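Residues per chain, in single letters:
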Amino acid sequence: MSFSLPLRRAEIGLAAADQSLAGRSVLVTGAYGGLGRAASIAAAKAGASVVLLGRKAAALEPVYDEIMANGWSQPAIFPMDLAGAAPEDFDALADSIEREFGRLDGIIHAAAAFEGLKPLEQQKPDEWRRIQNVVLTAPFLMQRSCTPLLKQSRTAAIVHVFDDPGRMQNAFWGSYGIAKSALAAMVAIAHQEGERSCVRMHGLLPAPMRTQLRRMAWFGEDTMQWPLPDATGDAAAFLLTDAAEEYRGQVLDLRLNEPQG
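The structure reproduced in this document is the subject of the present report. As a convention, each chain's residues are numbered from 1 in the sequence order in which they are written. Reporting in this predicted model follows two pLDDT cut-offs: at least 70 for local features of residues, and 80 or more for side-chain atom pairs to be given and counted; totals over whole chains, interfaces and linings ignore these cut-offs and use all residues. Remark: hydrogens and water are excluded; side-chain values derive from all non-hydrogen atoms of the structure.

A word on the overall build of the chain. Secondary structure is summarised from DSSP: a helix means a run of H or I of at least four residues, a strand means a run of E of at least two, and numbering begins at the N terminus for each. For the chain, the helix and strand inventory stands at seven helices and eight strands. C-alpha atoms define the radius of gyration, and 2.2 Å times the number of residues to the power 0.38 defines the globule rule. Taking 2.2 N^0.38 as the reference for a compact globule, 261 residues should give roughly 18 Å; the C-alpha atoms of the chain span a radius of gyration of 17 Å, in line with that estimate. With respect to the three principal axes, the spread of C-alpha positions in the chain is 45 × 40 × 40 Å. Type-normalised accessible area, obtained with a 1.4 Å probe on protein chains alone, sets the label of each residue: buried when under 20%, exposed when over 50%, and partly exposed for intermediate values. When burial is assessed residue by residue, the chain has 54% of its 261 residues classed as buried. By definition in these notes, contact holds between two residues if any of their heavy atoms fall within 4.5 Å. Excluding contacts between residues fewer than 6 apart, the proportion of contacts in the chain whose partners are at least 24 apart in sequence is 76%. Working note: accessible area of the chain is about 11900 Å², and carbon and sulfur atoms make up 49% of it. Two residue types count as positive, namely Lys and Arg, and two as negative, namely Asp and Glu; His and chain ends fall outside the count. By convention, the point assigned to a charge is CZ for Arg, NZ for Lys, CD for Glu and CG for Asp. Separation between the mean location of the 25 positive side-chain charges and that of the 30 negative ones in the chain comes to 2 Å. Calculation of accessible area relied on Shrake-Rupley with a 1.4 Å probe; when residues are assessed, cover is drawn exclusively from the protein chains displayed.

Aromatic ring pairs are described here by two measures, namely the spacing of the ring centres and the angle between the planes. Paired rings are identified among Phe, Tyr and Trp, the last through its six-membered ring, by centres lying within 6.5 Å, and are further divided according to the angle between planes into stacked (under 30 degrees), edge-to-face (over 60) and tilted (the rest). Within this structure, the stated rule accounts for four aromatic pairs. Note on F114 and W173: the rings are 5.8 Å apart at their centroids and 35° apart in plane angle, and the pair reads as tilted. Here F114 is found in the loop between strand 5 (106–109) and helix 4 (125–150), whereas its partner W173 is found in the loop between strand 6 (156–161) and helix 5 (174–193), with 59 residues between them in sequence. Its relative accessible area of 9% is what places W173 among the buried residues.

For the rest of this paragraph, the subject is the sheet that holds strand 6. What holds strands together in a sheet is hydrogen bonding between their backbones, with the strands either parallel or antiparallel. For two strands to pair, DSSP has to find at least two bridges joining them. Pairing is parallel in the open sheet, where eight strands are placed in the order 1-8-7-6-5-2-3-4. In this open sheet, the two strands that pair with only one neighbour each are strand 1 (7–9) and strand 4 (76–79). Between one strand and the next, the sheet's axes are offset by a mean angle of 20°, whatever the strand orientation. Of the strand pairs in this sheet, strand 1 and strand 8 (residues 251–253) are connected by three bridges, and their pairing is parallel. Across the sheet, L7 pairs through a bridge with V251, a residue of strand 8. A fitted line through C-alpha atoms serves as each axis, taken over the contacting stretch for helices, and the angle formed by two N-to-C directions is quoted from 0 to 180°.

In this structure, D242 sits in the loop between helix 7 (230–238) and strand 8. A residue is classified by how much of its surface remains accessible, and D242, at 35% relative accessible area, is partly exposed. Residues within four places of D242 in sequence aside, it is in contact with R24, R154 and T155. Here a polar contact is recorded for every N or O atom pair within 3.5 Å, except that within protein the pair must consist of a potential hydrogen donor and a potential acceptor, and residues adjacent in sequence are included only if both atoms are side-chain atoms. A distance of 3.0 Å separates a polar atom in the side chain of D242 from a polar atom in the side chain of R24.

As a further point, take unusual backbone geometry. Positioned with a positive phi, Q19 is a non-glycine residue whose angle comes to about 65°. Along the chain, Q19 turns up in the loop between strand 1 and strand 2 (25–29). Non-glycine residue F172 carries a positive phi angle of around 80°. You can see F172 is positioned in the loop between strand 6 and helix 5.

Any functional reading would require information that these geometric values do not contain.
Right, here's the structure in full:
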């Protein structure tokens, strides 16, 4: 398997410049997870007002508090269960962001759902549906609802987090691998359809990170050998800035900088 979008190797230490997102609002899904938190902090540090979206408000509060403690722009908390959200819920999200901030300039899709490696025949229907909804259907519905608001921005971007394409169509990756493969196709189509739009499409391919998903997928591995997701969060925030225009319609590949464990 390979991406329909071209891979772009990343420079080491790629991050949003100071105040490069000032005056903009950014939505981060899965904002209390490892990568979601890192991306939220990076965007806030660059000056953005961040909408923290996650399943539980209580889990989002520490990220909110961290942003406020640093004196950055006040974020907003938006609890939402992507696994069960209906199209009208995404419309309500877009309406809420417009009322609160008057604009939306970027989205980072950091939410993930993974139940471990297993044969397809052992995957329960509810599990299959939950993963597909979070990884694939929610990004589509969010794009559908939020694009009119994004198009009001002078320049906007949507960042989708991918996974290693060499593994996603292999045995035991199940619903997650299928959803990530389909997501890559969806982003390529969206890029082609909106190539001249003010809304850019970006892919982000992380190197191994110290996350819960990594621990579940690579049992037996010493996950502590890998770095925290901070550098990947920095790269995600960078893709929302004007400096990332040249990365439009490409997959920013961070694996070149992968530490050797």
